[in-house]
Amino acid sequence: MATWKMDPNHTEVTFKVKHLVISTVSGTFDVVNGTAESNNDDFSDAKIIFEADVNSINTKNENRNGHLKSADFFDAAKYPKLTFDSTSFKKKSDDQYELVGNLTIKETTKEVKLAVTYNGTVKGFGGSFDVAGFEIIGKINRQDYGLKWSGLTETGGVVVADDVKLEIHTEFIKS
(Lines give C-alpha, C1' and ligand atoms only; values in the text may rest on other atoms or scores of the structure.)
Protein backbone atom coordinates (compact mmCIF):
# COMPACT_ATOMS: atom_id res chain seq x y z
CA MET A 1 0.00 0.00 0.00
CA ALA A 2 1.38 3.40 -0.99
CA THR A 3 0.81 6.46 1.19
CA TRP A 4 0.59 9.90 -0.37
CA LYS A 5 0.67 13.14 1.62
CA MET A 6 -1.10 16.30 0.55
CA ASP A 7 1.41 19.01 -0.37
CA PRO A 8 0.16 22.15 1.43
CA ASN A 9 2.37 24.33 -0.81
CA HIS A 10 0.51 23.08 -3.87
CA THR A 11 -3.01 22.81 -2.49
CA GLU A 12 -5.82 25.32 -2.63
CA VAL A 13 -9.13 24.66 -0.85
CA THR A 14 -11.75 27.21 -1.88
CA PHE A 15 -15.43 27.75 -1.31
CA LYS A 16 -17.91 30.06 -3.01
CA VAL A 17 -21.29 31.22 -1.78
CA LYS A 18 -23.84 33.67 -3.17
CA HIS A 19 -24.05 36.96 -1.30
CA LEU A 20 -27.10 39.25 -1.52
CA VAL A 21 -28.35 37.02 -4.37
CA ILE A 22 -26.36 39.04 -6.93
CA SER A 23 -22.70 38.27 -6.25
CA THR A 24 -20.39 35.51 -5.09
CA VAL A 25 -17.99 35.59 -2.16
CA SER A 26 -14.97 33.28 -2.27
CA GLY A 27 -12.80 32.06 0.53
CA THR A 28 -10.07 29.58 1.30
CA PHE A 29 -8.84 27.43 4.12
CA ASP A 30 -5.13 28.22 4.19
CA VAL A 31 -4.05 25.44 6.59
CA VAL A 32 -4.96 21.96 5.34
CA ASN A 33 -3.54 18.47 5.39
CA GLY A 34 -4.49 15.09 4.10
CA THR A 35 -3.37 11.66 3.01
CA ALA A 36 -4.31 9.14 0.36
CA GLU A 37 -3.55 5.44 0.62
CA SER A 38 -3.81 3.23 -2.43
CA ASN A 39 -2.67 -0.13 -3.76
CA ASN A 40 -3.39 0.92 -7.35
CA ASP A 41 -1.35 3.33 -9.47
CA ASP A 42 -4.57 4.91 -10.79
CA PHE A 43 -5.87 5.51 -7.21
CA SER A 44 -9.06 3.54 -7.98
CA ASP A 45 -9.04 2.07 -4.45
CA ALA A 46 -7.80 5.17 -2.62
CA LYS A 47 -8.70 5.93 0.99
CA ILE A 48 -8.53 9.71 1.49
CA ILE A 49 -8.49 11.64 4.74
CA PHE A 50 -8.49 15.44 4.81
CA GLU A 51 -8.78 18.19 7.40
CA ALA A 52 -8.83 21.98 7.35
CA ASP A 53 -8.06 24.37 10.19
CA VAL A 54 -11.18 26.52 10.58
CA ASN A 55 -9.08 29.33 12.07
CA SER A 56 -7.25 29.58 8.74
CA ILE A 57 -10.40 30.67 6.88
CA ASN A 58 -9.61 33.59 4.58
CA THR A 59 -12.15 35.63 2.62
CA LYS A 60 -9.88 38.69 2.30
CA ASN A 61 -12.04 40.52 4.84
CA GLU A 62 -11.08 40.31 8.53
CA ASN A 63 -14.58 41.19 9.79
CA ARG A 64 -16.16 38.47 7.66
CA ASN A 65 -13.42 35.99 8.64
CA GLY A 66 -14.16 36.73 12.31
CA HIS A 67 -17.90 36.27 11.77
CA LEU A 68 -17.32 32.92 10.01
CA LYS A 69 -15.16 31.73 12.92
CA SER A 70 -17.83 32.77 15.44
CA ALA A 71 -20.65 30.63 16.87
CA ASP A 72 -22.92 32.02 14.11
CA PHE A 73 -21.05 29.77 11.66
CA PHE A 74 -18.10 27.42 12.35
CA ASP A 75 -17.61 28.13 16.08
CA ALA A 76 -13.86 27.70 15.62
CA ALA A 77 -13.14 28.00 19.34
CA LYS A 78 -15.17 24.85 20.00
CA TYR A 79 -14.73 23.07 16.63
CA PRO A 80 -11.32 24.07 15.21
CA LYS A 81 -11.23 21.47 12.40
CA LEU A 82 -13.44 20.30 9.60
CA THR A 83 -12.70 16.79 8.38
CA PHE A 84 -13.38 14.49 5.45
CA ASP A 85 -12.99 10.69 5.57
CA SER A 86 -13.62 8.84 2.31
CA THR A 87 -15.77 5.74 2.02
CA SER A 88 -15.18 5.16 -1.70
CA PHE A 89 -13.14 6.48 -4.63
CA LYS A 90 -14.48 5.04 -7.87
CA LYS A 91 -13.15 5.48 -11.36
CA LYS A 92 -15.85 6.68 -13.77
CA SER A 93 -13.70 7.09 -16.91
CA ASP A 94 -10.04 7.65 -17.83
CA ASP A 95 -9.43 10.60 -15.50
CA GLN A 96 -12.83 11.08 -13.83
CA TYR A 97 -13.68 9.70 -10.39
CA GLU A 98 -16.42 9.94 -7.81
CA LEU A 99 -15.21 10.51 -4.27
CA VAL A 100 -17.73 9.71 -1.53
CA GLY A 101 -17.11 10.27 2.13
CA ASN A 102 -18.16 11.74 5.42
CA LEU A 103 -17.70 15.47 5.88
CA THR A 104 -17.78 16.66 9.47
CA ILE A 105 -18.35 20.31 10.31
CA LYS A 106 -18.97 21.19 13.93
CA GLU A 107 -20.83 18.21 15.41
CA THR A 108 -22.49 17.14 12.18
CA THR A 109 -21.29 14.42 9.82
CA LYS A 110 -22.97 13.97 6.43
CA GLU A 111 -22.12 11.95 3.37
CA VAL A 112 -20.98 14.01 0.39
CA LYS A 113 -20.21 13.09 -3.22
CA LEU A 114 -17.45 14.96 -5.00
CA ALA A 115 -16.36 14.90 -8.64
CA VAL A 116 -12.63 14.36 -9.10
CA THR A 117 -10.36 14.83 -12.07
CA TYR A 118 -7.11 12.92 -11.72
CA ASN A 119 -4.50 14.93 -13.63
CA GLY A 120 -1.88 12.19 -13.53
CA THR A 121 1.33 11.32 -11.73
CA VAL A 122 4.78 12.68 -12.59
CA LYS A 123 8.23 12.80 -11.09
CA GLY A 124 8.68 15.82 -8.84
CA PHE A 125 11.37 18.44 -9.26
CA GLY A 126 14.70 16.65 -9.35
CA GLY A 127 13.05 13.32 -10.15
CA SER A 128 13.38 11.85 -6.67
CA PHE A 129 9.69 11.62 -5.75
CA ASP A 130 6.27 11.01 -7.32
CA VAL A 131 3.59 13.71 -7.42
CA ALA A 132 -0.11 13.13 -8.24
CA GLY A 133 -2.46 16.00 -9.11
CA PHE A 134 -6.21 16.23 -8.55
CA GLU A 135 -9.05 18.71 -9.04
CA ILE A 136 -12.11 18.15 -6.84
CA ILE A 137 -15.46 19.92 -7.03
CA GLY A 138 -18.70 19.59 -5.13
CA LYS A 139 -21.51 21.37 -3.35
CA ILE A 140 -22.96 21.23 0.15
CA ASN A 141 -25.82 22.94 1.94
CA ARG A 142 -24.39 24.88 4.89
CA GLN A 143 -27.65 24.50 6.84
CA ASP A 144 -27.06 20.72 6.95
CA TYR A 145 -23.96 21.38 9.08
CA GLY A 146 -25.44 23.83 11.56
CA LEU A 147 -24.07 26.92 9.80
CA LYS A 148 -27.44 28.53 10.24
CA TRP A 149 -26.87 32.28 10.54
CA SER A 150 -28.91 34.12 7.97
CA GLY A 151 -30.28 37.51 7.25
CA LEU A 152 -32.61 39.19 4.80
CA THR A 153 -32.14 42.39 2.88
CA GLU A 154 -34.77 45.13 2.95
CA THR A 155 -36.26 43.62 -0.23
CA GLY A 156 -36.40 40.10 1.20
CA GLY A 157 -33.27 38.76 -0.51
CA VAL A 158 -31.03 36.32 1.33
CA VAL A 159 -27.74 37.77 2.62
CA VAL A 160 -25.89 34.42 2.45
CA ALA A 161 -27.12 31.54 0.28
CA ASP A 162 -27.40 28.00 1.64
CA ASP A 163 -25.50 26.27 -1.18
CA VAL A 164 -21.72 26.35 -0.92
CA LYS A 165 -19.56 25.33 -3.89
CA LEU A 166 -16.31 23.56 -3.03
CA GLU A 167 -13.21 23.40 -5.19
CA ILE A 168 -9.88 21.81 -4.31
CA HIS A 169 -6.75 21.80 -6.44
CA THR A 170 -4.12 19.61 -4.87
CA GLU A 171 -0.93 17.65 -5.27
CA PHE A 172 -0.08 14.55 -3.26
CA ILE A 173 3.52 13.42 -2.76
CA LYS A 174 4.27 9.72 -2.43
CA SER A 175 5.86 8.90 0.93
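Criteria and cut-off values
Residues numbered from 1 in each chain as written. Predicted model: local features only at pLDDT ≥ 70, side-chain atom pairs only at ≥ 80, totals over all residues. Heavy atoms only, no water. Buried < 20%, exposed > 50% of the residue type's maximum accessible area, 1.4 Å probe, protein only. Helix = DSSP H or I, 4+ residues; strand = E, 2+ residues; numbered from the N terminus. Pairing = 2+ DSSP bridges. Phe/Tyr/Trp six-rings, centres within 6.5 Å; stacked < 30°, edge-to-face > 60°. Contact = heavy atoms within 4.5 Å.

Novice: Describe the pairing of strand S1 (residues 2-6), with residues and values.
Specialist: Alternating positions in S1 separate cleanly, Ala2, Trp4 and Met6 being buried on one face and Thr3 and Lys5 remaining unburied on the opposite face. As paired strands, S1 and strand S4 (residues 32-38) are joined by four bridges and run antiparallel to one another. Residue Trp4 lies in a different strand from S4, and its bridge partner there is Ala36. Where S1 lies against strand S11 (residues 160-174), three bridges are found, and the strand directions are antiparallel. By the bridge assignment, Met6 is partnered in S11 with Phe172.

Novice: Lay out the pairing of strand S10 (residues 130-141) in plain terms, naming residues and giving numbers.
Specialist: Across eight bridges, the pairing between strand S9 (residues 108-123) and S10 is antiparallel. Looking at the pairing, Gly120 lines up with Gly133 of S10. Taking the residues that link successive antiparallel strands as the turn, the S9-S10 hairpin has six residues, and the phi of Gly126 there is positive, at about 90°. Strand direction decides the pairing type here: S10 and S11, joined by 11 bridges, are antiparallel. Residue pairing in the sheet places Gly138 in a bridge with Leu166 of S11.

Novice: I'd like a rundown of the packing of aromatic side chains, residues and numbers included.
Specialist: Summed over the entire model, instances satisfying the criterion amount to 10 aromatic pairs. Consider the rings of Phe43 and Phe134, whose centres lie 5.2 Å apart with planes at 85°: the pair is edge-to-face. Remark: Phe134 occurs in strand S10 and Phe43 occurs in the loop between S4 and strand S5 (47-53); sequence separation between them is 91 residues. Assessed through its relative accessible area of 1%, Phe43 is described here as buried. Of the residues examined, Phe134 reaches a relative accessible area of 7% and is grouped as buried. Consider the rings of Phe134 and Phe172, whose centres lie 5.8 Å apart with planes at 85°: the pair is edge-to-face.

Novice: Any chance you could break down the environment of Gly120 for me, citing the residues and the numbers?
Specialist: You can see Gly120 is positioned in strand S9. Between the alpha carbons of Gly120 and Lys18 there is a distance of 32 Å; along the sequence they are 102 residues apart. Those residues in contact with Gly120 that lie beyond four places of it in its chain are Val131, Ala132 and Gly133.

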